[in-house]
Amino acid sequence: MIPLAHYLILSGILFSIGLAGVLIRKNIIVVFMCLEMMLTAANVALVAFSRAQGTAGVPVYDAQVLSLFITGIAAAEVAIGLALIVAMFRARRTVESTALNTLKD
Amino acid sequence: MNIVSTYTWCQFTPAFALVGLAALLILADALLPKVPKRAYAFIGAMGCFIASYFLFSGEHTDVFGFIAAVATGLCLLLAFDYTKISCESIAGSGNEEGTGEFYALPLVACAGILCLTQARDLIMLFVSLEVITLTSYVLAGYFRRNQGSIEAGIKYLVLGAMSTGILVYGVAWYFGMVGTFNMGSDVVIAAIKGGVAGSPTLAVGFLMATALLFAGAFFKIGAAPMHVWIPDVYQGAPTPTTTFLAVASKTAGFVVLCSLALPFAPFAIPGSMIGKLIIWCFALVAAATLLIGNLGAMRQTNIKRLLGYSSIGQAGFIMIFFVNLNSPVVYMVSQYLLAYALATIAAFFAVAMVRTQRGSEEIAAFRGLGKSNPRTAFLITVSFASLAGVPLTLGFLVKMYSFVSMIKVMENWCGLAWVLPIMVITAAAGFYYYFKVIRAMYWEKPQAGEKPLQVPLCTGIVLTICALALIYLGTMPLLVLG
């Protein structure tokens, strides 16, 4: 039996890697992968908590339902994101975030 | 196993109706190529207005939903007048190919906001929030032949998805700490007083969850430190989308913030340690938002960017209401949002009109309107004066409520006296930058050969209604106080 804390540490690590990647990486496709990782971290935490909060071996299904919703929303987000990246690549011939410099103070 | 639903179907009737209308419009867009696409904008706007009527006159008046639905309808009317630019920036020529969804998607986002106002648990809150943001990403990046629009879309998507990640991680920890997705005072009280098992570690996890949830809500309203996306996205996005983001999407943000913050009201008394912490955090965020929004706006020359910073600044004044959680926050926030929505929508209609006919979104493009279009210039002046808070407009009244609310908090706890000077300075800064537009209209001469602007029908009607409402509600305060 793996204790709850291990799952939470894993999800914390995933979340931190994701957040750091979003802030540090320049390639927008990699940034997207990191965004997905942040959502996955929440999924891991949710499923782990759903087991931990359950009684007599029956998990609290609310949390697992939310994790399904998160998966669906992540997919929609990627679809929109890739469409925008394609549009950006057509316009600028690059997917580096440093090329996003039209709008600034 | 017994499944109990906390919702009834009829709560969501307006939302379903709007989604249905959007689906019909998208179908019509595909199947009826002969119909001019701008007709969809008009039908969508009418749908929103009908929905807003039912929201206002229904059994339980849903004020936030009402503001959001009216704002979405007005955005669609703006899109109706903005067709020329839309066609150029989407299809690349005069034809309307591919512009249909641009008029259908705001309806879906509006349905998301209507679900959000009904949300009583975090699952509903999160999913309807995502309906709004995902639609907004598409709308922000919709002008694919416009570099600024694509850039705004990508910046919004990356930062928005990051805030979603933060919010949903907060939701996960909230569930882990309290064992339910419900957002009620009883849940919060149990968690802060030691959690389910009474151990102190639970409270720490709960505080982390709350911080993450509030970070997500602050992103939507553009409160510091999550305001970074606002100027860029507002400037780059198509003007109808910017209007939607500035008014409807911001209303959604305040709905989230209200439902997250109000359960903490029993604790937000300056007597206790945790009460001081809550009050102080809200005061700090509000002050930082005020400073960043209002001081950042001062050096802008692009009007959409200026309105972006202005929306951050106005959000700061609304945040002040949350410092005093035991006052009627929802009522105050909805009043302020109403004043802000009326003035901002009028301002964006003016921006779109100037952009269509003079081809520029700089403040300088407003030059000489006082001479060439005196009546329109007056209506625009009223809306900017209301944003600045000139007496006799609704903007002055609601800004005064904000000051009064802050002074009431200070009576109980003098340690917050530093917020008041910040509010005074930022309100004064507001006068400076909003009057830049008014100065351009009245004190600068039109360039040689510039014709007076042709005021399109919808723009004329909306500008008049907004300006009249601002003055009427501003001079008859009892009507608003009700």
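The paragraphs below set out a description of the structure included in this document. (Residues numbered from 1 in each chain as written. Chains lettered and ligands numbered in written order. Predicted model: local features only at pLDDT ≥ 70, side-chain atom pairs only at ≥ 80, totals over all residues.)

**A few points about the overall build of chain A**
Item 1. Each helix and strand counted, chain A has three helices and zero strands in total.
Item 2. Along chain A, helices and strands appear, N-terminal first, in the series α-α-α.
Item 3. Oriented by its inertia axes, the alpha-carbon framework of chain A measures out at about 55 × 25 × 25 Å.
Item 4. Within chain A, the proportion of its 105 residues that are buried is 32%.
Item 5. Contacts spanning at least 24 positions in sequence make up 50% of the contacts within chain A whose residues lie at least 6 apart. (Helix = DSSP H or I, 4+ residues; strand = E, 2+ residues; numbered from the N terminus. Buried ≥ 20, exposed ≤ 12 C-beta atoms within 10 Å, placed from the backbone. Contact = placed C-beta atoms within 7 Å.)

**Some words on the overall build of chain B**
Item 1. Assigned secondary structure in chain B consists of 20 helices and zero strands.
Item 2. The C-alpha atoms of chain B give a radius of gyration of 22 Å, which matches the 23 Å a tight globule of 482 residues would have.
Item 3. On the principal axes, the C-alpha backbone points of chain B span a range of 75 × 55 × 40 Å.
Item 4. By residue count, 58% of the 482 residues in chain B fall in the buried class.
Item 5. A separation of at least 24 residues holds for 76% of the contacts in chain B among residues at least 6 apart in sequence. (Rg over C-alpha atoms; globule rule 2.2 N^0.38 Å.)

**Digging into the interface of chain B and chain A**
Item 1. Opposite the 33 residues of chain B that make contact, chain A presents 32 residues.
Item 2. Elements with a contribution of two residues or more to the side of chain B that touches chain A: helix 6 (122–140), helix 7 (147–178) and helix 10 (229–236) of chain B.
Item 3. Looking at the side of chain B that touches chain A element by element, the count peaks at 20 residues for helix 7 of chain B.
Item 4. Partitioned by chemical class, the residues of the side of chain B that touches chain A number 19 nonpolar, nine polar and five charged. (Nonpolar A, V, L, I, M, F, W, Y, C, P; charged D, E, K, R; others polar.)

**A short note on the packing of helix 2 (residues 28–53) of chain A against helix 7 of chain B**
Item 1. Contact geometry of helix 2 of chain A with helix 7 of chain B gives a least axis separation of 8 Å together with a crossing angle of 15°. Taken together, the axes of helix 2 of chain A and helix 7 of chain B lie roughly parallel to each other. Judged by the sense of rotation from one axis to the other, the crossing of helix 2 of chain A with helix 7 of chain B is left-handed. Note on element contacts: helix 7 of chain B touches helix 2 of chain A through Ile154(B), Val158(B), Ala161(B), Met162(B), Gly165(B), Val168(B), Tyr169(B), Ala172(B), Trp173(B), Phe175(B) and Gly176(B), opposite Ile28(A), Val31(A), Leu35(A), Met38(A), Leu39(A), Ala41(A), Ala42(A), Ala45(A), Leu46(A) and Phe49(A).
Item 2. Of the residues contributing to the contact of helix 2 of chain A with helix 7 of chain B, the split by class is 19 nonpolar, two polar and no charged. (Axes fitted to C-alpha atoms, helices over the stretch in contact; angles between N-to-C directions. Parallel < 35°, antiparallel > 145°, perpendicular 65-115°, else oblique. Left-handed = near helix turned anticlockwise from the far one by under 90°.)

**A closer look at the environment of Ala246(B)**
All names here are of chain B.
Item 1. You can see Ala246 is positioned in helix 11 (residues 239–261).
Item 2. By C-beta crowding, Ala246 is classed as buried, having 28 other C-beta atoms within 10 Å.
Item 3. For Ala246, the residues in contact, after removing those within four places along its chain, are Tyr234, Leu307, Ser311 and Thr344.

**Overview of the nonpolar core**
Residues and elements named next belong to chain B.
Item 1. Cys110, Tyr169, Ile345 and Ala346 are the most contacted members of the largest nonpolar core, which has 215 residues in total.
Item 2. In terms of residue count, the dominant contributor to this core is helix 14 (residues 329–358) (21 residues).
Item 3. Not counting chain neighbours up to four residues away, the residues in contact with Ile345 comprise Ala71, Leu74, Thr243, Val247, Val462 and Cys466. (Core = buried A, V, L, I, M, F, W, Y, C linked by C-beta atoms within 7 Å.)

**Quick word on unusual backbone geometry**
Item 1. In this chain, Ala224(B) is followed by Pro225(B) through a cis amide linkage whose omega measures 0°.
Item 2. Following the sequence through the fold, Pro225(B) ends up in the loop between helix 9 (200–221) and helix 10.
Item 3. The residue Ala56(A) is not glycine, and still its phi comes out positive at about 55°.
Item 4. Within the secondary structure, Ala56(A) sits in the loop between helix 2 and helix 3 (61–92).
Item 5. Despite not being glycine, Leu392(B) has its phi angle at roughly 75°, a positive value.
Item 6. Relative to the assigned elements, Leu392(B) resides in the loop between helix 16 (374–388) and helix 17 (394–412).
Item 7. Note on Leu392(B): 14 C-beta atoms within 10 Å, which makes it partly exposed.

Worth remembering: the numbers are spatial, not functional.
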